[in-house]
Amino acid sequence: MTDPESTTDAPRTSNVRPASPAEAADVRAMHAANRSAWDEAAERYEGWYDEAVELIRGGGSNLFPVEHDLIGDLHGRCRRAIHLQCAGGRDTLSLWNLGADEVIGVDISTRMLDLAARLTAATGAPARWVEADVLDAPHELDGTADLVYTGRGAIIWLQDLDAWAAVLRRLLSPMGRLVIFDGHPAEWLFDADEDGRWVATDYDYFGGPEASKGWAPEYIDRLSLAEDDQSWKFARAWTLGEIVTALLGAGLRLERVAEHPVDWWAGHRDIRPEDRGRVPLSFSVVATRGE
Ligand SMILES: C[S@@+](CC[C@H](N)C(=O)[O-])C[C@H]1O[C@@H](n2cnc3c(N)ncnc32)[C@H](O)[C@@H]1O
């Protein structure tokens, strides 16, 4: 995803540090910082707009085959799909193409939702976009989602998993299903050496939230805003234990938890072919309301 039109040529700095105790204690302030950072990063998604229009107009889906297997054919069995942390709406409208009658995307970034609204206008999709912190997903949506879908780089930005899991459950209709497909926390622990072999990073798996500026070039590449001028953002690799425990704690009934080698953001392309597939890079959960 290198972009020849990028305007910043400054060398990348290492703007990564553990969140201070005061920062880590303030969930809402970390989310507000993430909102600013994602408004900045939306610039890169805007560059993918034409591609997204073509995909959605052509009836296509941006989701991986493993996600299609988890979600299944939605025709005739999904009146409403709610996509949490929907970004520019490409994955949300993929759910429409998979058969959902109506899709609703929730995201904290105004600029991402502006992009999603443009995508709706260009495709005529029956979509609604809700600007909100996921933790504040509007109560008028409670109990209405035949599918709640989230993932692909979503959970790492959230700093209160119990509150998040409670939202997932309250949005589900009585027969609704939750499908999560997201990055596996183990992928923070491994990277490629210069020969393309897996080596351990110095990431602290149990270290809690990390503050950073700048983005992985494989994903966002350079923005027109220089790295030092970008907003601090807060992410963490929640362990699978923490994620599953939060879902169970909310009362959800887990039907399936699986780990996958799928390199969902192409962040590990440098691994030599014979070593791919040895490390879990993504995971999935399928659950119901559990009443
Ligand atoms: C990596 S994207 C999610 C994946 C998305 N499917 C895509 O197309 O790339 C992360 C999204 O989460 C959103 N986000 C981050 N924190 C959020 C929060 N607390 N509430 C709602 N949205 C949030 C960001 O604005 C961003 O659009």
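The rules behind the values
- Residues numbered from 1 in each chain as written.
- Predicted model: local features only at pLDDT ≥ 70, side-chain atom pairs only at ≥ 80, totals over all residues.
- Heavy atoms only, no water.
- Helix = DSSP H or I, 4+ residues; strand = E, 2+ residues; numbered from the N terminus.
- Rg over C-alpha atoms; globule rule 2.2 N^0.38 Å.
- Buried < 20%, exposed > 50% of the residue type's maximum accessible area, 1.4 Å probe, protein only.
- Contact = heavy atoms within 4.5 Å.
- Lys, Arg positive; Asp, Glu negative; His and termini not counted.
- Charge placed at Lys NZ, Arg CZ, Asp CG, Glu CD.
- Phe/Tyr/Trp six-rings, centres within 6.5 Å; stacked < 30°, edge-to-face > 60°.
- Lys NZ or Arg CZ within 6 Å of the ring centre and 35° of its normal.
- Polar contact = N/O pair within 3.5 Å; in protein donor to acceptor, adjacent residues only side chain to side chain.
- Core = buried A, V, L, I, M, F, W, Y, C linked by side-chain atoms within 4.5 Å.
- Near = heavy atom within 4 Å.
- Areas by Shrake-Rupley, 256 points an atom, 1.4 Å probe, with all protein chains shown as cover.

Trainee: I tried to follow the overall build of the chain on my own but got confused; where do I start?
Mentor: Of regular secondary structure, the chain possesses 8 helices and 12 strands. Taking 291 residues into account, the globule formula puts the C-alpha radius of gyration at 19 Å, and the chain, at 18 Å, falls close to it. The buried share of the chain, taken over its 291 residues, is 53%. Within the chain, counting contacts between residues at least 6 apart in sequence, those at least 24 apart form 77% of the total. Each charge sign in the chain was given a centre, from 29 positive and 50 negative side chains, and these centres are 4 Å apart.

Trainee: Whenever I open this one, the packing of aromatic side chains confuses me. Can you help?
Mentor: For any pair of aromatic rings, the description consists of the separation of the ring centres together with the inter-plane angle of the planes. All told, the structure shown has 12 aromatic pairs when counted by the stated rule. Considering the side-chain rings of tryptophan 264 and tryptophan 265, the 6.1 Å spacing of their centres and the 50 degrees angle between planes classify their relative orientation as tilted. Taking the relative accessible area as the measure of exposure, tryptophan 265 reaches 18% and is therefore buried. Three or more aromatic residues link up through ring pairs in this structure, and these residues are Trp38, Tyr45, Trp48, Trp157, Trp215, Tyr219, Trp264 and Trp265. Looking at arginine 17, its charged tip hangs above the ring of tryptophan 232, at a distance of 4.4 Å from the centre. Lying across the ring of tryptophan 215, lysine 233 places its NZ or CZ 4.5 Å from the centre.

Trainee: Can you help me understand helix α7 (residues 161–171) in this one?
Mentor: Given 3.6 residues per turn, any residue in an α-helix points the same way as the ones three and four places further on. What α7 keeps buried is the set Leu161, Trp164, Ala165, Val167, Leu168, Arg170 and Leu171. Contacts from the buried residues of α7 go to β2 (80–84), β5 (145–151), β6 (172–183) and α8 (240–249). The backbone nitrogen of aspartate 162 has a side-chain oxygen 3.3 Å away, supplied by the residue at the start of α7, namely aspartate 160.

Trainee: For this particular structure, what's the right way to read the nonpolar core?
Mentor: Buried together is how nonpolar side chains tend to be arranged in soluble globular proteins. One finds Trp38, Tyr45, Ile71, Leu95 and Leu147 to be the most contacted residues of the largest nonpolar core, which totals 44 residues. Only α2 (27–46), α3 (49–57), α4 (65–71), α5 (90–97), α6 (110–123), β5 and β6 provide two or more residues apiece to this core. Beyond its immediate chain neighbours, meaning those up to four positions away, tryptophan 38 contacts Tyr45, Ser109, Met112, Trp157, Trp215, Tyr219 and Ile220. By size, the runner-up hydrophobic cluster in this structure holds 32 residues, among which are Ile104, Val148, Leu172 and Val285.

Trainee: Honestly, the site of the ligand in this entry has me stumped. Any pointers?
Mentor: Among the 20 residues in the neighbourhood of the ligand, the closest are listed as Tyr45, Asp91, Asp107, Val134 and Arg152. Here histidine 31 contributes a side-chain N or O atom positioned 3.3 Å from a nitrogen atom of the ligand. At a separation of 2.8 Å, a nitrogen atom of the ligand approaches a polar backbone atom of valine 134. Here the ligand, which alone exposes 600 Å², has 97% of that area covered by the protein. Top element by residues in the shell around the ligand is α2. It accounts for 3 residues.

Geometry only, nothing functional implied.
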